[in-house]
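Chain by chain, the residues run as shown.
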Amino acid sequence: QVQLVESGGGLVQAGGSLRLSCAASGRTFSSYAMGWFRQAPGKEREFVAAISWGGGSTYYADSVKGRFTISRDNAKNTVYLQMNSLKPEDTAVYYCAADYGDAVTPHDANEYDYWGQGTQVTVSS
């Protein structure tokens, strides 16, 4: 069982930055690929970024490539999402998710076994 708790969301102006964190419980965090997804009001949940269990592979949605960076610290059981050059269209609830083993299809939400409660990110224009 893995419990995930996101933090770091908030209100920021367009062009600003935020860093999201996702703290995981349990001793096997390093066995999980981790992903970030987001859901805006009235829209479906969408893939943002993912990272392999060892951190050697990262994946990004085209909409955030070059602006967002996913990273992890297995010693701290934490995955991060550094978000730069934020746009109003990035406004959403951001969720982290854990997938045991390495994600075969990291963009697919159905692949993930555990989810956090989400943290709100609001970007004003």
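Structure: above.
Report on the accompanying structure. Here the structure is a predicted model, which means the values were calculated and not measured. (Residues numbered from 1 in each chain as written. Predicted model: local features only at pLDDT ≥ 70, side-chain atom pairs only at ≥ 80, totals over all residues. Heavy atoms only, no water.)

## Comments concerning the environment of leucine 4
- Structurally, leucine 4 is set in strand β1 (residues 4-7).
- Looking at leucine 4, the relative accessible area reads 6%, which means it is buried.
- When residues no more than four places from it in sequence are discounted, the contact partners of leucine 4 are Cys22, Ala23, Ala24, Met34, Cys96, Ala97, Ala98, Tyr114, Trp115, Gly116 and Gln117. (Helix = DSSP H or I, 4+ residues; strand = E, 2+ residues; numbered from the N terminus. Buried < 20%, exposed > 50% of the residue type's maximum accessible area, 1.4 Å probe, protein only. Contact = heavy atoms within 4.5 Å.)

## Looking at the state of the cysteines
- Tallied over the entire structure, the rule returns one disulfide.
- Here cysteine 22 pairs with cysteine 96 through a disulfide, and the sulfurs are 1.9 Å apart. Taking the sign of the S-S torsion, about 45 degrees here, the bridge from cysteine 22 to cysteine 96 comes out right-handed. On the criterion of sequence distance, the pair formed by cysteine 22 in strand β3 (residues 18-24) and cysteine 96 in strand β9 (residues 92-100) is long-range, its members being 74 residues apart. You'll find cysteine 22 and cysteine 96 in the same group, each marked buried. (Disulfide = S-S within 2.5 Å.)

## A short note on the nonpolar core
- With 36 residues, the main nonpolar core has Met34, Trp36, Leu81, Met83 and Tyr94 as its most contacted residues.
- Those elements giving two or more residues to this core turn out to be β3, β4 (32-39), β5 (46-51), β7 (68-73), β8 (78-83), β9 and β11 (119-124).
- The contacts of methionine 83, once residues within four sequence positions are left out, are Gly16, Ser17, Leu18, Leu20, Arg67, Phe68, Tyr94 and Val121. (Core = buried A, V, L, I, M, F, W, Y, C linked by side-chain atoms within 4.5 Å.)

## Looking at the pattern of salt bridges
- The full count for this structure, using the stated rule, is four salt bridges.
- Close ionic contact of glutamate 46 with arginine 38 constitutes a salt bridge, the shortest N to O distance being 2.6 Å.
- Looking at glutamate 46, the relative accessible area reads 36%, which means it is partly exposed.
- Overlapping salt bridges bring together Arg38, Glu46, Arg67 and Asp90 as one network. (Salt bridge = Lys/Arg side-chain N within 4 Å of Asp/Glu carboxyl O.)

Note that every value here comes from positions in space, so none of it alone points to a role or purpose.
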